[in-house]
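# Structural characterization, general
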Amino acid sequence: MVMCTPAQWPDAPGAAAREQAAANAPTPQPADLGPVGLRQAEHDRWLRRQRLQRRLHDGASLQISALVPQLGVVRKRLSDDEYDLRLSIDDLQDQLHAVLQELREIAREIYPPLLDQAGLGPALCEFANHVAVPLHVVAPAERFCLAVEGAAYFAITDCLALLDARGPPAEVVLRRDGEVLDIVLDGVPARHAVEILNHVRGVGGQVDVVEASGSGRIQVRIPCE
Amino acid sequence: MRVALAEDGALFREGLLMLLEAAGHEVIGSTADGNALVDLLDTEPADVAILDIRMPPGPDGGLVTAERLRTLHADMGLLFLSHYAESHYLMRILQIGTESIGYRLKEKVGSVDVLSDTLARIQAGEIVIEPVLAKRLIERPRGEKKGAIESLSPRELDVLRLMAEGRSNNGIAAQLFVTPKAVEKHIAGIFGKLQLAEDATEHHRRVLAVLTYLRAQRDED
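Residues numbered from 1 in each chain as written. Chains lettered and ligands numbered in written order. Predicted model: local features only at pLDDT ≥ 70, side-chain atom pairs only at ≥ 80, totals over all residues. Heavy atoms only, no water.

### A few points about the overall build of chain A
What counts, and what does not: Comment: elements are numbered from the N terminus, with helices defined as DSSP H or I runs of at least four residues and strands as E runs of at least two. Working rule for contacts: check all heavy atoms of both residues, and any pair within 4.5 Å makes them a contact. For accessible areas, the Shrake-Rupley method is used with a probe of radius 1.4 Å. Any residue's cover is judged against the shown protein chains and nothing else.
When you go through chain A residue by residue, the secondary structure sums to seven helices and six strands. Taking all contacts inside chain A whose residues are at least 6 apart in sequence as the whole, residues at least 24 apart take part in 71%. Summed over its atoms, the accessible surface of chain A is roughly 12,000 Å², and 56% of this surface lies on carbon and sulfur atoms.

Encoded structure:
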């Protein structure tokens, strides 16, 4: 098993050149937030996304939905010979449905409503209905904190979305291990570990890789209270 | 038909109220949350109650309210109108009941005809599921029943998809441009391949056939 934490992860291409340039430049002084400050910053970031998604639902989406029955009332008032107008209203209603579908997709990309309402298990099962690769999900019903759920969801789904529909089936198993959310991804090539790490390092996550022939296993551990 | 309505979005509630009245239904009352709906139905009977899912009390208050309503008024139909068509909610809805129940997108019941048809089917005891959701579930069978589902012919799959939308044999026949007799034959084929017990009633087996897909999905939760 290879242990990969941010400090131990192999250099990305071009990293050596950037390191050299960085060595010659004056040493930057990053604001040191410390682990508690970092966790707070991550929480705020996810909270912002969650609020945007809710606003989209409670605001624009609901307003557009409300137009549809109103159009239906107008259509009902038309006389039988106004056939063209009826068709125009049907068409407008179809267009509003298309707009709402687009808003649903955007909401899902900001912060999936089902993740917000029901947690990682239901959100990942729903994702399994959409993704190309055959996917099996095992997850507990319990909820984790906002930033952990957000980071874990996008780490898993961004990675699985890249897999080939004709490839071997993938499996995601989530469980709580003390104060850690333990995620095991089976049937996922090891090269995806870097992207997963990018998603979870902000919440203190670590990524381990086991490479098997063809497809491998990636284990993600994220601290949670 | 006598209907009651609970929806926390005032704009959509008002719009739907107008459409229900335009369709000639008697709206016995509309509320902004589930508890108020339960109180309302305590004194005023209704044929179908229309509920939002995401509304008070709680994050999915519509489901909690519907469970109470099914216990209090077993014969009353329940129609969920939601902004999202998710299989997660469908599972929970079918746990509340598999008769006289429906789940549709808010903007897909926007005409007098569709709204009245949906309500009438629910009142007649059917399950009405948003077609796009029924289609998605049937095209992506999962779990242990996948093998049985894969053994169905393309025509049988068409029939099962329309059954999942809650359609009658005549309705399926009209959609597929075949005779009701042919539909019966396909349904018998589906029951056989999914190994559904012959002693159950026709309606019961129809529901079981649909649930076979859905249960395979729920096993993963």
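From this point, the discussion proceeds with the structure in view.
### With respect to the overall build of chain B
How we decide: Exposure classes here rest on a 1.4 Å probe applied to the protein chains alone. A residue is buried below 20% of its type maximum, exposed above 50%, and partly exposed in between.
Regarding its fold elements, chain B presents 11 helices and six strands. Each of the 221 residues in chain B was classed as buried or not, and the buried ones make up 57%. Sequence-distant contacts in chain B: of pairs separated by 6 or more residues, those separated by 24 or more amount to 65%. As displayed, chain B offers around 8,900 Å² of accessible surface, 51% of which is attributable to carbon and sulfur atoms.

### Regarding the pattern of salt bridges
Residues and elements named next belong to chain A. Operational definition: Take a side-chain nitrogen of Lys or Arg and a carboxyl oxygen of Asp or Glu: if they are within 4 Å of each other, that pair is a salt bridge.
For the coordinates displayed, the defined rule picks out 24 salt bridges over all chains. The partner of Asp 164 in a salt bridge is Arg 166, with the nearest N and O atoms 3.1 Å apart. Judged by relative accessible area, which is 74%, Arg 166 ranks as exposed. For Asp 177, the salt bridge is made with Arg 221, and the minimal N-O distance between the two is 3.2 Å. Here Asp 177 is found in strand E3 (residues 170-177), whereas its partner Arg 221 is found in strand E6 (residues 217-223), with 44 residues between them in sequence.

### As for the packing of aromatic side chains
Residue and element names in this part refer to chain A. Inclusion rule: Pairing of aromatic rings covers Phe, Tyr and the six-membered ring of Trp, with a centre-to-centre limit of 6.5 Å; geometry is then stacked below 30 degrees between planes, edge-to-face above 60, and tilted otherwise.
Applying the stated criterion to the full structure yields three aromatic pairs over all chains. Where Trp 46 meets Tyr 111, the ring centres are 6.0 Å apart and the plane angle is 65°; that geometry is what we call edge-to-face. Note that Trp 46 is positioned in helix H2 (residues 34-77) and Tyr 111 in the loop between helix H3 (83-110) and helix H4 (113-118), a separation of 65 residues in sequence. Side by side, Trp 46 and Tyr 111 carry an identical accessibility label, which is buried. Taking 5.2 Å as the distance between ring centres and 85° as the angle between the ring planes, the aromatic pair formed by Tyr 153 and Phe 154 counts as edge-to-face. Take Tyr 153 and Phe 154: they sit in the same class, and that class is buried.

### What to know about the environment of A:Ala60
Residues and elements named next belong to chain A. Locating Ala 60 in the fold gives a position in helix H2. Exposure remark for Ala 60: the relative accessible area of 35% places this residue in the partly exposed category. As for Ala 60 and Leu 100, which are separated by 40 residues in sequence, their C-alpha atoms are 9.1 Å apart.

### Notes on the pairing of E6(A)
Residue and element names in this part refer to chain A. Put simply, the rule reads: Pairing between two strands is assigned when DSSP locates at least 2 bridges connecting them.
The pairing of strand E4 (residues 180-186) with E6 spans seven bridges and is classified as antiparallel. Paired with Ile 183 across the two strands is Val 220, which belongs to E6. Relative to E6, strand E5 (residues 206-210) is paired through five bridges, and the arrangement is antiparallel. Residue pairing in the sheet places Asp 208 in a bridge with Gln 219 of E6.

### Quick notes on the sheet that holds strand E1 (residues 2-6) of chain B
Where strands meet in a sheet, backbone hydrogen bonds hold them as pairs that are either parallel or antiparallel. All names here are of chain B. We count it as follows: Fitting a line to C-alpha atoms yields each axis, with helices limited to the stretch in contact; the angle taken between N-to-C directions then spans 0 to 180 degrees.
Strand order in the open sheet formed by six strands is E2-E1-E3-E4-E5-E6, with parallel pairing between adjacent strands. Because the sheet does not close on itself, it has two edges, and the strands there are strand E2 (26-31) and strand E6 (127-129). With direction set aside, neighbouring strand axes in the sheet form an average angle of 15°. Summarising the sheet, strand E5 (residues 101-105) and E6 pair through three bridges and their orientation is parallel. Paired with Gly 102 across the bridge in E6 is Val 128. Sitting on the sheet, helix H3 (residues 61-72) touches strand E3 (48-51) and strand E4 (77-82), and the angle it makes with E4 is about 175°.

### Quick look at the interface of chain B and chain A
Here is the rule we go by: Identification of polar contacts relies on pairs of N or O atoms within 3.5 Å, with a donor-acceptor requirement for protein atoms, meaning one able to donate a hydrogen and the other able to accept it, and with residues adjacent in sequence counted only if both atoms are side-chain atoms.
With 30 residues of chain B at the contact, the number on the chain A side is 40 residues. If you look at where chain B meets chain A, you find one salt bridge. With a shortest N-O distance of 2.9 Å, A:Arg104 and B:Glu107 are connected by a salt bridge. Put simply, chain B and chain A have seven residue pairs in polar contact (both at pLDDT 80 or more) between them.

Function cannot be inferred from these measures alone, as they are strictly geometric.
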